[in-house]
Amino acid sequence: MFVYLSKKIAIPNGLRVHSISWNKEKGWIACGGEQGLLKVLRLETTSPGSQQTRDAKARGLAAPSNLTMNQPLEGHNGAVVGVVAWNEPFQRLTSSDQNGLIIVWTLHDGNWVEEMVNNRGKSLVRDMHWNSDGQKICIIYEDGAVIVGSVDGNRIWGKELKGMQLHKVAWSPDSKKILFGTASGEIHAYDYHGSPIGKVVTHQSSNSGTAILAGIRWYHSRSSRSSGSSESQSPTLAICFQNGRVQLMLHDQDPAAILIDTGMSLRDVAWSCDGSTLALVGAMKIPRQEKEINAVVFYSPFGEHLRTLKVPGRDLFSVSWEDHSLRIALAVDSFIYFANIRPNYEWCYFANTLCYSYSKSGRCDTAVMFWNLHSGEKQLKYVKSLLSMRGCGEFCLLVAKAEQQSKQQYIAVICNSIGTPIDSNYLGIEPLFLYMSSTHVLIANKTGIYSWQYRASHTAREFTSSAQARKFDNRERVFHVDDLAPGTGVFHGGQGVEEGHIDFSSALTETLDPICGICASDKALVIGRESGVIQRYSLPKLSLEKKYRINCRPYHLALNCNSTKLSIIDVNAVLYLFDFTVTGPDGSLGTQVLFEVERKDVWHLCWATDNSDLFACMEKTRMYIIRSVDPEEPVASSGYICEFSNLQVRSAHMDEIMKNPDNPQDTCTSVHEVKSLRDCRELIKKVVIDDCFKFVEKNPHPRLWHLLAEQALEQLEMDMAEKAFVKCTDYQGIQFIKRLKKLDSQPKQRAEVAAYFSRFDDAEKLYLEIDRKDLALELRMKLGDWFRVVQLLRTAGGAGNDAMLERAWNAIGDYFADRQKWQQAVTYYVQAQNHEKLASCYQILENFSGLEGLLATLPDGHTLLTKLGEIFLNAGMAEQCLKANLRCNNIKAAVNACVKLNQWDRAVELAKSHSFPEIDSLLLQYVSRLLDDKKFLEAVELYRKSNRSLEGAELLQRVCQEQQSIGASPLRLKKLHVLKALLVRDHQERLKNLSQQNKGHSTTQSSLEGLLHQDTTVGQTSFIERAWHGAEAYHFFLLAQRQLYQQKYSDAVVTAVQLRAYVDVIPSRDVYSLVALTSAMSHSFAVCSRAFCKLETIPGLGEDIQEQIQALAMEIFTKFSVRDEKPQTHTCYSCESSIPCHSGVCPNCETKFPISVLTGRPLMAEEGVVWFCGVCKHKAEESIEDNLQFCPLCHAPID
């Protein structure tokens, strides 16, 4: 960072200022001092609508600032106003004086007026502090009194801290703690109710001075630094003592505090608004002198010294930061000094792309924006633990902490202009100094340098293999700064390599003269050391060429375009120029400084890429362009220089960009031209072309020659333009001149010149004026401006317009299609009658109605029909797919589509009607694949759709057996058996329909009879006849249990007894267990006894189960006799004999009775059977006819 004094405001009557505070919200500055001095000032930059603001070069700190408010506040009556504090959320100002008077001020009608007054009158107010939300204020008095009040003036609580001489106070960021500092340097923590928590451990001892507190500052902000910064764990609590000791802590109980000894007599301390910088003010002793000077020292949150600013005056009392942390205000004697801050933003410029990093709220990583300044495109990437970045040529370098725990703690990644990683490597040294040239990446710590010769030809595809490729070359080297022959350092393939990584141990050895800066070009590497030694190495060999010594400590180094001159900015912001080619008095090279009087307050510099004597530098808020030692007139600017080429300096106003980093505006960058370019433009406007030629000859530069050539072309001075193009080595321009001379008229030449300078509308107008619409059309077609081509064609006559118009429609359609605006593309493809691209757009838009309309318009046999068939196939639209394939006579594709869409009935129909022999093999292959994948039900459905119901039924039979073996539920087994039976019924219905359709055709009838005979011979007749057998078994099994749970025990035993006929389907153990249970519940112990007898004789039950059955039978039949308590009988309608109600066969006449699928009872009377299912052919009683809607067995609806 760089700091410099920019403005001074004098207080009238020489009154000394003791306190100062800058309102971050509105920019008001409150200052208090002697004799009741209290003022509110306001510095305001030029308004947004003014001319200075519209000028991009005068933005930010460079813009003029005016004192728009200077209001004295009266009320403290001659006392010293020692404390002023802003309540920013409520826009209140609180001030106190040495008499204990406290006044709260508010803004009314543009003026500050008293709102509340409090005068305790007992002791001096030492400090006061508002909490982060502005709701509470804590006021401490020297005698130990503490008052916490609200924003509306009410006292919340008060406390007397006995034995404490209070000195400083601070709220925690969450307003839950208050820290009280005493005059002896102790700090006590209390909660927000006033209850003590404990003491804060302080390290206040010092060899000199007393341990009096200078300040306590606990950083907090509206957008907390921890929300998005990579340094979310950085200290936020700063405790400063007047003896120069500073203690930085994460929180008040941090056991690992960072200690700093500034060597100053401190007076005040303040955090920057983003918490990244700590400013300490006080007096500093000059070495080897008794004199003291005022100074502001800046530290990072981790205790790293950033910069020291010397301030004139006798006493420096207080410091305060502006919003955005770009300025500070200092209370010095009877003056207010303002100092500008130039932060070290992480940014770089390469390939017309501005890359910068910033923190985003809610994210723990760092956002990196790649902003192409030419196209305006922005690419946002996120990098964890980003440390620094550099750019050169077409690539940039990002350095971050490595995530994996290894010896290589850092990673360097090379990216292109859209943030895509191109190459990467791990580092074992801390990247304190970075530089990137078009061929090398140089990274250094205090003692060693790492060189990486990267390959600019890498692509993203080669990114993964780049690390392995580096094992076989010498592209990476590490050497110590004290090595005399660094070119022989450790590299890949050399000694010290472990697991493909370079050995960094040689760069970690301590040195007495650490590195303080590096720079490089394609030819040389320059290293600056703290003692003032400059070491120059050749690249790519990395051999030490020479050492030089200068009388300053380098801070920023830069080489010019041909590596002959070196710019040096030292730690005091003084610029030196060093020429490696100048011979000194002793005959050595590079010992002469070009500037006899050094330039001061320089904080940025950039050499021109095409002139070794030109460079641009920033001094405070001015940009200087210097040729050798002669500066041009400065330009007001606060931008960071991105590039200096073609006599133009491009700068980026990073301060403005960081205010809205997600959406930077074009006005945040500016381009400044050097004087020679501006003068050449003025001469071109005022004098003849020959005088301009003489001026450019005296100030030669390719940009000036090109400017002269352009002007000569405008005046059709062909010879002069050709000379200028030759001077600037523009081969294309020379060829253009030759082509221009061949034209037969000046209007054509002027039109070509206008087109050459991209003034295409002027060129078209000139062509139309000479009635050459063909040339105008040719121009627009070359440009790809097809919209204008259409307009010209509609106004032009002549033959061939239809073909050109169709071409234009197609080109416009392609224009919208390339931008994925498919609906607009459809409009133009329709006009061009481009069916192929129209079909593609319809497909992307999923406009299937449009595809159907396109299908209807195409003639039979069109080549697009095949593609439409594929589109409809992928969309699952079977009918449209078949129509498209049949119209192009692609029967095979139609059959395959039916197979893929599971339309097997249509596939079989098409195969038969078109004699397609491969349908059976396709079906068998598909079924085999489904069976291999255990998708049995899908295979059954496939059989059904392909009119092979019997094969499906047989497969279902196997499925039922497998399901039964794994213990599937009876309900599922019933459904499977019903489905099997229905498939058999479909098979029978199909054969019946075939028989009726082919009745009278002897050949077909004979074939059908043969088929039926074949079915019989293979043993399928029994399977067909017993199709409903399994369904009946599980239907009655479920019915009996349902009746049992409904406590219809008599009905349950009747239904259960029917299951004896289905022991080939349901296991005997399950059948007779159910019979025994239902009969026992209905007290039909004769039936129960027979069931137990069957259970005891079932083989394979095991001894334990048989013993349990016998024990249960013994328990039942010792209590009950073996007879039915309420035997139920009915009369056989054939022989009129009485038989048990559960008997399905008459024992006398052997008449079989149908079983009701609703109740499970045998139907004894023929006239009582009035309901018959037309699907499964089963019966039920008449009394329940009106209550039935579906068949209880097959669940078919009842008509």
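Before reading further, recall that the structure is shown in the block above.
In what follows, the accompanying structure is described. (Residues numbered from 1 in each chain as written. Predicted model: local features only at pLDDT ≥ 70, side-chain atom pairs only at ≥ 80, totals over all residues. Heavy atoms only, no water.)

### Notes on the sheet that holds strand β11 (residues 136-141)
Put simply, the rule reads: Any two strands are treated as partners once DSSP identifies two or more bridges connecting them. We count a stretch as a helix when DSSP gives it H or I for four or more residues in a row; a strand needs E for two or more, and each element gets its number in order from the N terminus. The angle between two axes is taken between their N-to-C directions and runs from 0 to 180 degrees, where each axis is a line fitted to C-alpha atoms and a helix contributes only its stretch in contact.
On the basis of which strands lie adjacent, the open sheet formed by four strands has the order β10-β11-β12-β13 and antiparallel pairing. Looking at strand neighbours, the two that pair on one side only are β10 (125-130) and β13 (155-160), the edges of this open sheet. Geometrically, the sheet is characterised by an average inter-axis angle of 10 degrees between neighbouring strands, direction not taken into account. The pairing of β10 with β11 spans five bridges and is classified as antiparallel. Note on β11: the bridge partner recorded for H129 is C138.

### Observations regarding the nonpolar core
Stated formally: We call a set of buried Ala, Val, Leu, Ile, Met, Phe, Trp, Tyr and Cys residues a nonpolar core when their side-chain atoms join them within 4.5 Å. Accessible area is worked out with a 1.4 Å probe on protein chains only. A residue is then buried under 20% of its type maximum, exposed over 50%, and partly exposed in between. Contact between two residues is taken to exist if any of their heavy atoms lie within 4.5 Å; hydrogens are not considered.
Counting residues in each nonpolar core, the largest one holds 61 residues, and the members touching the most others are W347, L354, Y356, F644, M654 and L713. Among the elements that line this core, the one with the most residues is helix α6 (residues 702-714), at seven residues. Apart from the residues lying within four places of it in its own chain, the contact partners of M654 are Y345, W347, L354, Y356 and Y640. Ranked by size, the runner-up nonpolar core spans 44 residues in total, among them A755, L851, F872 and C888.

### Things to note about the environment of L1163
Along the chain, L1163 turns up in the loop between β58 (1138-1140) and β59 (1169-1172). Separated by eleven residues in the primary sequence, L1163 and K1152 place their C-alpha atoms 9.6 Å from one another.

### Details of the packing of aromatic side chains
For clarity, the threshold we go by: Pairing of aromatic rings covers Phe, Tyr and Trp, the last through its six-membered ring, and needs centres within 6.5 Å; plane angles under 30 degrees mean stacked, over 60 mean edge-to-face, and all others mean tilted. As a reminder, the over-ring test applies to NZ of lysine and CZ of arginine, requiring each to be within 6 Å of the ring centre and within 35 degrees of the ring normal.
Overall, the coordinates contain 32 aromatic pairs when judged by the stated rule. Taken together through their ring pairs, the aromatic side chains of F787, W809, Y815, F816 and Y828 make up a single cluster. R536 extends its terminal NZ or CZ atom over the ring of F580, reaching a point 4.6 Å from the ring centre. One residue, R599, lies across the ring of Y624, its end atom 4.5 Å from the ring centre.

### As for the packing of helix α28 (residues 1049-1058) against helix α29 (residues 1068-1081)
The criterion, for reference: Angles are sorted into four bins: roughly parallel if under 35 degrees, roughly antiparallel if over 145, roughly perpendicular if 65 to 115, and oblique for all others. Here a crossing is taken to be left-handed if its near helix is turned anticlockwise relative to the far helix by less than a right angle, and right-handed if that turn runs clockwise. Classes in brief: Ala, Val, Leu, Ile, Met, Phe, Trp, Tyr, Cys and Pro nonpolar; Asp, Glu, Lys and Arg charged; the others, Gly included, polar.
Put simply, α28 and α29 touch, their axes get as near as 8 Å, and they point 155 degrees apart. As summarised for this structure, α28 and α29 are arranged roughly antiparallel, according to the angle between their axes. Considering only the axes of α28 and α29, their crossing is left-handed. Contacts from Y1049, A1052, V1053, A1056 and V1057 of α28 reach α29 at L1074, V1075, T1078, S1079 and M1081. In terms of residue class, the contact of α28 with α29 is built from eight nonpolar, two polar and no charged.

### Things to note about the sheet that holds strand β6 (residues 81-87)
In a beta sheet, neighbouring strands are held together by backbone hydrogen bonds and run either parallel or antiparallel to one another. Taken in spatial order, the four strands line up as β6-β7-β8-β9 in an open sheet, and their pairing is antiparallel. Edge positions in the open sheet fall to β6 and β9 (111-119), since each of these has one partner strand only. Put simply, the sheet's adjacent strands are angled 25 degrees from each other on average, direction ignored. Across eight bridges, the pairing between strand β8 (residues 101-108) and β9 is antiparallel. Residue W105 lies in a different strand from β9, and its bridge partner there is E114.

### Looking at helix α7 (residues 718-727)
Rules: It is the directions from the helix axis to the C-beta atoms that the arc portrays.
Taken as a whole, α7 has its buried residues at M718, M720, A721, A724 and F725. Seen end-on, α7 carries its buried residues on one side only, within an arc spanning 165 degrees. Turning to α7, the residues buried within the fold contact α5 (689-698), α6, α8 (731-741) and α9 (746-756). Backbone geometry just downstream of α7 places T729 in the positive-phi region, at approximately 50 degrees.

### Quick notes on the pairing of strand β7 (residues 92-97)
When you tally the buried positions in β7, you get five out of six residues, the bulk of the element. Counting the residues in the hairpin turn of β7 and β8 gives three residues, including G100, whose phi is positive at 90 degrees.

### A short note on helix α23 (residues 949-965)
Let me state the cut-off plainly: Between the first and last residue of a helix there are one fewer steps than residues, each counted as 1.5 Å, and that sum is the expected span.
Look at α23: 24 Å from first C-alpha to last across 17 residues, which is about the 24 Å you get at 1.5 Å a residue. Once α23 ends, the next one or two residues include G967, with phi positive near 80 degrees.

The analysis is restricted to geometry; functional conclusions fall outside its scope.
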